[in-house]
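Residues per chain, in single letters:
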Amino acid sequence: AFAVSVVPEGAEDETELPVPQKSEKSKTISKIGRELKEIVFVIQSQSNSFHSKRAEDLKRDILKQAVDLGKELPTVLLIHQIDRHEGAWTILPLMRDFSVTYGRNSSWIFFCEEDTRIQVVKLLETLKRFDKSKEWFLGKALYDEESTIIHHYAFAENPTVFKFPDFAAGWALSIPLINKLAKKLKSEPLKSDFTIDLKHEIALYIWQKGEGPHLTPVPEFCTDNVNLYKADHCATTFSNFLPLCGEPVNKEDVFVAVKTCRKFHGDRIPVVKQTWEREAALIEYYSDYADISIPTIDLGIPNTDRGHCGKTFAILERFLNHTSPRTPWLVVVDDDTLISIIRLRKLLSCYDPNEPVFLGERYGYGLGTGGYSYITGGGGMVFSRAAVQKLLASKCRCYSMDAPDDMVLGMCFSGLGIPITHSPLFHQARPMDYPKDYLSHQIPVSFHKHWNIDPVKVYFTWLAPDTEESSNGKKVGYNREDL
């Protein structure tokens, strides 16, 4: 049926009344609202109360910006709330869920850290430059200047050719790429191996030995401090500071346990004494030999060439039974760990010692097929007393004296439902093993290993108290060399 329009006599000559038009501004806001709804924001959050609050704050900020722009709110997910996967933080196990849930009505999955700051309008403008029907992997590009152990010496001939994303700046995958990855994961499940540097490993998986896309560098994805004038062009910025949530914890609140053995008393212990020992009020050295000149304590555990699980559990028992119950924090380090106890005390002001906290640099084992996360030992393992109490009450112990202590601890805490808490400020390797641009927005807490470096020089360049940041948050007073 057709509607017949009846025009009153004489009306033909009248000027046609204009149809009310939306203002250009309201049309723009409406369009932005639609585009915003096509982005799924994924915050790489953690379940520890300090971190989950920061992630919730970022989620609120994204949604507030969305409300100011239009009515259609984007989806904002927090990784730690996707608890069906022990390895959710490794991202790839979530691809099939992302594809099923968002594969039809979304255009982008945008990932960021809890301290990433996002200018939503600029992010939309940036993503619009890329055809959303194609496979895109976008981010701020990092690369190795020389091949490194933490990347299994990948691209040894020229490691600068392979780019991987700095998570702090945010990174994005287009939905066609998400769908492709989900399909591949369905037919080829992830292998049960180690997750050491997630950003590099994700880039390798997406690249598929040249069959998939490389990372496309996006200059608007930044790690500049939001307060710097040069950040004006940035869609993302990053708060590059050491977290401080009140006064640093007292010196006497941190007990430091150094794992050593007789053969390293002569070369490694003097480095500790020349560098960071003076920062620690409570420190003991645990060895297979009692040397009063250091002094070391013989725990009665023979030294093993690898693993040291027996020694570490003996240290935990000693901390619980032979230190003041008023000492809330235990730090276990290797004799070739370089650490800033002063910065650690600032960082610990953000954590509740009444919670079971297990803090450091997080690795994963077999997370595509169950598995567990753990704190890698060389960068330093930080325990709240509550965590040590729960662990030792559980009777979870070493399956052999030379089992890898950090992995056994990860297994135990996973079984207890106690989360591993990751901080990128702890480092299992040396400064030279990380991209300079990655370290440039950090105030590091630790590094590890003495191979082919002057460890005293590394400490005084990267970690010493006189390199502390000034009151305006900028690092001053020293020059980071190629160490």
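All figures in this text were calculated on a predicted structure; none of them were measured in a lab. (Residues numbered from 1 in each chain as written. Predicted model: local features only at pLDDT ≥ 70, side-chain atom pairs only at ≥ 80, totals over all residues. Heavy atoms only, no water.)

A. Highlighting the overall build of the chain. Each helix and strand counted, the chain has 13 helices and 22 strands in total. Relative to its full complement of 483 residues, the chain shows a buried share of 54%. Long-range contacts, defined here as pairs at least 24 residues apart, represent 73% of the contacts in the chain between residues at least 6 apart. By element, 52% of the accessible surface of the chain is carried by carbon and sulfur atoms, the whole surface being about 22700 Å². (Helix = DSSP H or I, 4+ residues; strand = E, 2+ residues; numbered from the N terminus. Buried < 20%, exposed > 50% of the residue type's maximum accessible area, 1.4 Å probe, protein only. Contact = heavy atoms within 4.5 Å. Areas by Shrake-Rupley, 256 points an atom, 1.4 Å probe, with all protein chains shown as cover.)

B. Looking closely at the confidence of the model for the chain. Mean pLDDT for the chain: 89, with 88% of residues reaching 70 or above. Taken together, the stretch residues 1–20 has pLDDT below 50 and engages in zero contacts with residues farther than four places along the chain or on a different chain. Low confidence marks residues 467–478, where pLDDT is under 50. Its contacts with residues over four positions away, or in another chain, come to 24 contacts. (pLDDT = per-residue confidence, 0-100.)

C. Quick look at the state of the cysteines. Scanning all chains against the criterion turns up four disulfides. Disulfide pairing is shown between C222 and C234; the S-S distance is 2.1 Å. Disulfide C222 to C234: torsion about the S-S bond roughly -95 degrees, handedness left-handed. Of this pair, C222 sits in the loop between β10 (216–217) and β11 (236–238) while C234 sits in the loop between β10 and β11, and the two are twelve residues apart along the sequence. (Disulfide = S-S within 2.5 Å.)

D. View of the packing of aromatic side chains. What the rule picks out here adds up to 23 aromatic pairs. Both rings, one in F137 and one in W171, keep their centres 6.2 Å apart while their planes meet at 75 degrees; by these two values the pair is edge-to-face. In this pair, F137 sits in strand β5 (residues 137–139) while W171 sits in strand β8 (residues 171–174), placing the two residues 34 residues apart along the sequence. Assessed through its relative accessible area of 1%, F137 is described here as buried. Here Y372 and Y374 contribute two aromatic rings whose centre-to-centre distance is 6.3 Å and whose plane-to-plane angle is 55 degrees, an arrangement assigned as tilted. No difference in accessibility class separates Y372 from Y374, as the two residues are buried. Here the aromatic residues F98, Y102, F111, F137, F167 and W171 are joined through ring pairs into a cluster of three or more. (Phe/Tyr/Trp six-rings, centres within 6.5 Å; stacked < 30°, edge-to-face > 60°.)

E. Summary view of the pairing of β8. What you see with β8 is no split at all: W171 and L173 on one side and A172 and S174 on the other are buried throughout. Two strands pair when backbone bridges link them, and strand β3 (residues 108–112) and β8 are joined in this way by four bridges, in the antiparallel orientation. Considered in β8, the bridge of F110 is made with A172. Sheet topology places β5 next to β8; three bridges connect them, and they run antiparallel. From the neighbouring strand, F137 faces β8, where its bridge partner is L173. (Pairing = 2+ DSSP bridges.)

F. Focus on the nonpolar core. Residues M95, F98 and L173 are the most contacted members of the largest nonpolar core, which totals 84 residues. A total of six residues in this core trace back to one element, the largest contributor, which is helix α6 (residues 198–207). Two domains each provide a minimum of three residues to this core, namely domain 1 (34–238) and domain 2 (251–464). Contacts of M95, omitting those with residues within four sequence positions, involve F111, L173, I178, L181, A182 and L185. (Core = buried A, V, L, I, M, F, W, Y, C linked by side-chain atoms within 4.5 Å. Domains from an automatic or database assignment.)

G. Focus on the sheet that holds β10. On the basis of which strands lie adjacent, the open sheet formed by six strands has the order β2-β1-β3-β8-β5-β10 and mixed pairing. This sheet does not close on itself; its edge strands, each paired only once, are β2 (75–78) and β10. In this sheet, β10 lies alongside β5 in parallel orientation, the contact comprising two bridges. By the bridge assignment, G139 is partnered in β10 with P217. Docked against the sheet, helix α3 (residues 95–102) engages β1 (39–43), β2, β3 and β8, running at close to 135 degrees with respect to β3. Strands β1, β3, β5 and β8 of the sheet are contacted by helix α4 (residues 120–127), whose axis makes an angle of about 120 degrees with β1. (Axes fitted to C-alpha atoms, helices over the stretch in contact; angles between N-to-C directions.)

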